[in-house]
2 protein chains.
Amino acid sequence: MADKRKRRRSELNPDGEAQLPFKNSLKSDSIILQILKEFSDCSTAPSSSSSKTLDDLGLSSSCREVTDLSLSSVQSTIEDLILKIARSILSGNGFAFDVPSRSAANQLYVPELDRIVLKDKTAIRPYANISTVRKSTITTRILQLVHQLCIKNIHVTKRDLFYTDVKLFQDQTQSDSVLDDVSCILGCTRSSLNVIAAEKGVVVGRLIFSDNGDMIDCTKMGMGGKAIPPNIDRVGDMQSDALFILLVEKDAAYIRLAEDRFYNRFPCIIVTAKGQPDVATRLFLRKMKMELKLPVLALVDSDPYGLKILSVYGCGSKNMSYDSANLTTPDIKWLGIRPSDLDKYNIPEQCRLPMTEQDIKTGKDLLEEDFVKKNPGWVEELSLMVKTKQKAEIQALSSFGFQYLSEVYLPLKLQQKDWL
Amino acid sequence: MADKRKRRRSELNPDGEAQLPFKNSLKSDSIILQILKEFSDCSTAPSSSSSKTLDDLGLSSSCREVTDLSLSSVQSTIEDLILKIARSILSGNGFAFDVPSRSAANQLYVPELDRIVLKDKTAIRPYANISTVRKSTITTRILQLVHQLCIKNIHVTKRDLFYTDVKLFQDQTQSDSVLDDVSCILGCTRSSLNVIAAEKGVVVGRLIFSDNGDMIDCTKMGMGGKAIPPNIDRVGDMQSDALFILLVEKDAAYIRLAEDRFYNRFPCIIVTAKGQPDVATRLFLRKMKMELKLPVLALVDSDPYGLKILSVYGCGSKNMSYDSANLTTPDIKWLGIRPSDLDKYNIPEQCRLPMTEQDIKTGKDLLEEDFVKKNPGWVEELSLMVKTKQKAEIQALSSFGFQYLSEVYLPLKLQQKDWL
């Protein structure tokens, strides 16, 4: 009985590995490595979108972008602003903040940059107006708190910030929103303000970097990997002999690749935010891409949500478009699981899931987004998804055996340069 | 204006730190360290509940517990079971599994052990019965898959397991539930089956351990810390010069303590599961406590949910009571934020939150739980919470300054041995 079963369940048969779909198409690792080296070398050349700035496009006067500022610059910018306000008050004019608008109408997707940017519309926020007195007070208070963070040189979370003056802020959405305003007013990134988001990402593989002064070797982080630091400004000294960065949507796939030490077979850095990308992971990914000049390949679920996640890494979220230059990683390639993979790799029917009405709507909405339309390959894949009304998780590959992902699917994808 | 404001906002005044509530009560660090050393030494002595077993209490025949088994033992146990089944079939009796019941009626809180255990009721799961044929088929399939994991010596997630046979399992709750059954049938922990849960915990501080062969020094993990490995069986060689383990409910408090390197001022290991405890973090905490013989102090929100989290670490969840011996950490002390701290530390009214109806119900339910009733101090605190109908997050301490937690609140708690 055992033998018969073994034949039927080929994925678990230690001797029957040739039966794994496409296993026979795999070339030797050295050939795949050669392919990756060529790909990696190409990526070292500045790509069209990554190197361009608003300046290059003549958009710097009509669009607004923030930059990383040193703590002392943030401090002096705040001091200058407050001095200006004091003068305005002393001259009998009261005071007002000139706050960049972050509404949808003020957002713009710039194809040449392949990301969303903020246009230059601003709104006046006077203190002496019943409708804005609260917001201008909150703005002043946040400026004061950030000023103190600069002096103390410590990092706090948005939650900490809220709790320093609950009476004034009332609820956290108010302090959070004004914090984004303050970034825009000062023209600096939120990380420059030393206000950080809780981290949830992990990284493992061929990367060495310093976290707050400690040198971390990510090949020596076992299976758990290294938690991505919440404060990017204390991350530095990145070194790597990797040929690419593998961006993974989900934890389970990450664990498989970490345990199999996939990065030793194909030198790479594996990173995941365990679902929805958080700011810390987005900043970390961009920093790796920029400093190490490595191509980024994304492994996400074959559903609209997977592509949405890819888009947040790639071209940013509308909410933080003012900082898209620092938060986005240009030129991420969609490796898999792509809708066309479902048939190509013979994913069994029962491992495919029917898309819900909401899924289909999200998919159709995505087809209208500029960042998708820009890439004909993506349009084709997404159209196929919406047409077949089928989705699949990365884990669907487990139907061919637990290690099919790391032993066949990914190597074959790399060998065939099968990314878009 | 700046001066006036500074006086009012004492928390942010670098010179006015004496104004911080209770800052004056703090003794020198060397005195606090002496207190901690004495406490730590006491914890080295076997505590009453941690050392007892079901055997000691004469309960081993009426209660059921699983143990960690080596991969080869799991493999041979499965082979023995299947051989027995084959013989039963050949002798014309068909086959059935004898499955321990995991229903609420079969759960028991044992005060002497201070944790929930599973009683010995079992149910027959015959193949030749229309109502159990599916479940017995799934059980056989899971046994086969686990057997292959033993041979391959790899770890997979519950999600991976589900996807190996979606047609049979239909939805993941079915394969998950039978996986727990299989643990009980084989008498081994779920980790022994090499089926792991996605990790989300992080650890930082005075701990060195090996993760899958790599030595990790948690004092050199920057601010991000080390991600807790999902597979406890590959964690070992724990060494530490810490005096206690600080178990933190939330990410934000963890970040504060990690950035301030609190563990260097008061030698400790800081660990968090970022909310609801996951299996990996629970196993890791227990392993630390057992191997390093360190006291565990818990810092959770002052709400019923915080106490609930403490209870899951301490005495287990009902769902996995069959493995409570391995998953629970005995003798966790409730350090804070305790309901009595709200008045004691003058937490401002606006930083306290009114409890919802649901909160109050949960609080009252907890008062009926054995593990709470056992500890008169906890009953008193929880009764106070329910009476005042007020809750507060750890971050509420930020109202006295961002570093009040690490610079005043925690040192004072330690100095006063203010835990329950």
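You'll find chain A entered in an unreviewed UniProt entry as DNA topoisomerase 6 subunit A, with Cucurbita moschata given as the organism. Looking at chain A in UniProt, the text filed under Catalytic activity (unreviewed entry) is "ATP-dependent breakage, passage and rejoining of double-stranded DNA." What UniProt states about chain A under its Function (unreviewed entry) heading is, verbatim, "Component of the DNA topoisomerase VI involved in chromatin organization and progression of endoreduplication cycles. Relaxes both positive and negative superturns and exhibits a strong decatenase activity."

A few words on the overall build of chain A. Looking only at helices and strands, one finds 18 helices and 18 strands in chain A. The globule rule puts the C-alpha radius of gyration for 420 residues at 22 Å, and the 24 Å found for chain A is close to it. Dimensions of chain A, computed from the C-alpha atoms along their principal axes, are close to 90 × 45 × 40 Å. A separation of at least 24 residues holds for 76% of the contacts in chain A among residues at least 6 apart in sequence. Charged side chains of chain A number 56 positive and 54 negative; the gap between the two group centres comes to 2 Å.

Residues and elements named next belong to chain B. The strand order across the open sheet formed by three strands is S1-S4-S3, and the pairing between neighbours is antiparallel. Every other strand in the sheet has two partners, leaving strand S1 (63-64) and strand S3 (107-110) as the edge strands with one partner each. Across four bridges, the pairing between S3 and strand S4 (residues 115-119) is antiparallel. The residue bridging Gln107 from the neighbouring strand is Leu118, located in S4.

Before going further, it helps to spend a moment on the packing of aromatic side chains. Per the stated rule, a full pass over the model turns up 22 aromatic pairs over all chains. Here a set of aromatic residues connected by ring pairs shows up, and it is made of Phe22, Tyr345 and Tyr409 of chain A.

If you check UniProt for "domain: Topoisomerase 6 subunit A/Spo11 TOPRIM" (unreviewed entry), the listed places come out as residues 244-414 of chain A in our numbering. Segment residues 244-414 of chain A splits into 51% helix and 13% strand. End C-alpha atoms: 10 Å apart.

Looking now at the relation of the copies chain B and chain A. When chain B is fitted to chain A, the residual RMSD is 0.0 Å, and the transformation amounts to a turn of 180° plus an axial shift of 0.0 Å. In the structure described here, the two chain copies are related by an operation that fits a two-fold rotation axis. Of the residues that chain B buries at the interface, 98% are likewise interface residues in chain A, meaning the two copies contact each other through the same surface.

Let's shift gears to the UniProt feature "domain: Spo11/DNA topoisomerase VI subunit A N-terminal" (unreviewed entry) in chain A. According to UniProt, the feature "domain: Spo11/DNA topoisomerase VI subunit A N-terminal" (unreviewed entry) maps to residues 134-195 of chain A in the numbering used here. The span residues 134-195 of chain A carries 71% helix and 5% strand; its end-to-end C-alpha distance comes to 22 Å.

Residue and element names in this part refer to chain A. Contact geometry of helix H4 (residues 71-90) with helix H5 (residues 133-152) gives a least axis separation of 9 Å together with a crossing angle of 145°. The way H4 lies across H5 gives a crossing that is left-handed. When H4 is examined against H5, the residues Leu71, Val74, Gln75, Ile78, Glu79, Leu81 and Ile82 are found in contact with a partner set consisting of Leu143, Val146, His147, Cys150 and Ile151. Among the residues forming the contact of H4 with H5, the class breakdown is nine nonpolar, two polar and one charged.

A separate point is the domain arrangement of chain A. All names here are of chain A. For chain A, the assigned domains read domain 1 (26-49 + 198-415) and domain 2 (63-196). The straight-line distance from the C-alpha centre of domain 1 to that of domain 2 is 33 Å. Between domain 1 and domain 2, the residue contacts involve 26 residues of the former and 26 residues of the latter. Carbon and sulfur atoms supply 52% of the area buried between domain 1 and domain 2, which totals about 2100 Å² over both sides. Our enumeration of links across domain 1 and domain 2 arrives at one salt bridge. Looking at the side of domain 1 that touches domain 2, the elements with two or more residues in it are helix H11 (279-292), helix H12 (304-315), helix H13 (324-327) and helix H16 (370-373).

A few words on the interface of chain B and chain A. Every contact between the two is made by 66 residues of chain B and, on the other side, 65 residues of chain A. Taken together, both faces of the contact between chain B and chain A bury some 5800 Å²; the carbon and sulfur share is 53%. For the pair chain B and chain A, the number of links is six salt bridges. A salt bridge links Arg261 of chain B to Asp214 of chain A, with the shortest nitrogen-to-oxygen separation between them at 3.1 Å.

What follows deals with the pattern of salt bridges. Once their charged atoms are close, side chains differing in charge can pair, the charge on each being opposite to the other. According to the stated counting rule, one finds 58 salt bridges over all chains in the structure shown. Residues Lys413 of chain A and Asp418 of chain A are paired through a salt bridge, measuring 3.1 Å at the closest nitrogen-oxygen approach. Since its relative accessible area comes to 0%, Lys413 of chain A is described here as buried. Looking at Asp418 of chain A, the relative accessible area reads 11%, which means it is buried. A salt bridge links Lys220 of chain B to Asp217 of chain B; the nearest nitrogen and oxygen atoms lie 3.1 Å apart. Look at Asp217 of chain B and you get partly exposed, because its relative accessible area is 22%. If you follow the salt bridges from partner to partner, you end up with Arg338, Asp341, Lys344, Glu381, Lys413 and Asp418 of chain A in one network.

Next up on the list: the packing of helix H9 (residues 251-259) of chain A against helix H18 (residues 404-415) of chain A. All names here are of chain A. Where H9 contacts H18, the two axes come as close as 9 Å, and the packing angle between them is 95°. With respect to H18, the element H9 is oriented roughly perpendicular. Side by side, H9 and H18 meet where Ala253, Arg256 and Leu257 of the first sit next to Leu405, Ser406 and Leu410 of the second. The residue inventory of the contact of H9 with H18, partitioned by class, reads four nonpolar, one polar and one charged.

Criteria and cut-off values
- Residues numbered from 1 in each chain as written.
- Chains lettered and ligands numbered in written order.
- Predicted model: local features only at pLDDT ≥ 70, side-chain atom pairs only at ≥ 80, totals over all residues.
- Heavy atoms only, no water.
- UniProt positions renumbered as here; feature names shortened; annotations may be inferred.
- Helix = DSSP H or I, 4+ residues; strand = E, 2+ residues; numbered from the N terminus.
- Rg over C-alpha atoms; globule rule 2.2 N^0.38 Å.
- Contact = heavy atoms within 4.5 Å.
- Lys, Arg positive; Asp, Glu negative; His and termini not counted.
- Charge placed at Lys NZ, Arg CZ, Asp CG, Glu CD.
- Pairing = 2+ DSSP bridges.
- Phe/Tyr/Trp six-rings, centres within 6.5 Å; stacked < 30°, edge-to-face > 60°.
- Least-squares fit on C-alpha atoms with pLDDT ≥ 70 in both.
- Axes fitted to C-alpha atoms, helices over the stretch in contact; angles between N-to-C directions.
- Left-handed = near helix turned anticlockwise from the far one by under 90°.
- Nonpolar A, V, L, I, M, F, W, Y, C, P; charged D, E, K, R; others polar.
- Domains from an automatic or database assignment.
- Buried area = accessible area lost by both parts, 1.4 Å probe.
- Salt bridge = Lys/Arg side-chain N within 4 Å of Asp/Glu carboxyl O.
- Buried < 20%, exposed > 50% of the residue type's maximum accessible area, 1.4 Å probe, protein only.
- Parallel < 35°, antiparallel > 145°, perpendicular 65-115°, else oblique.

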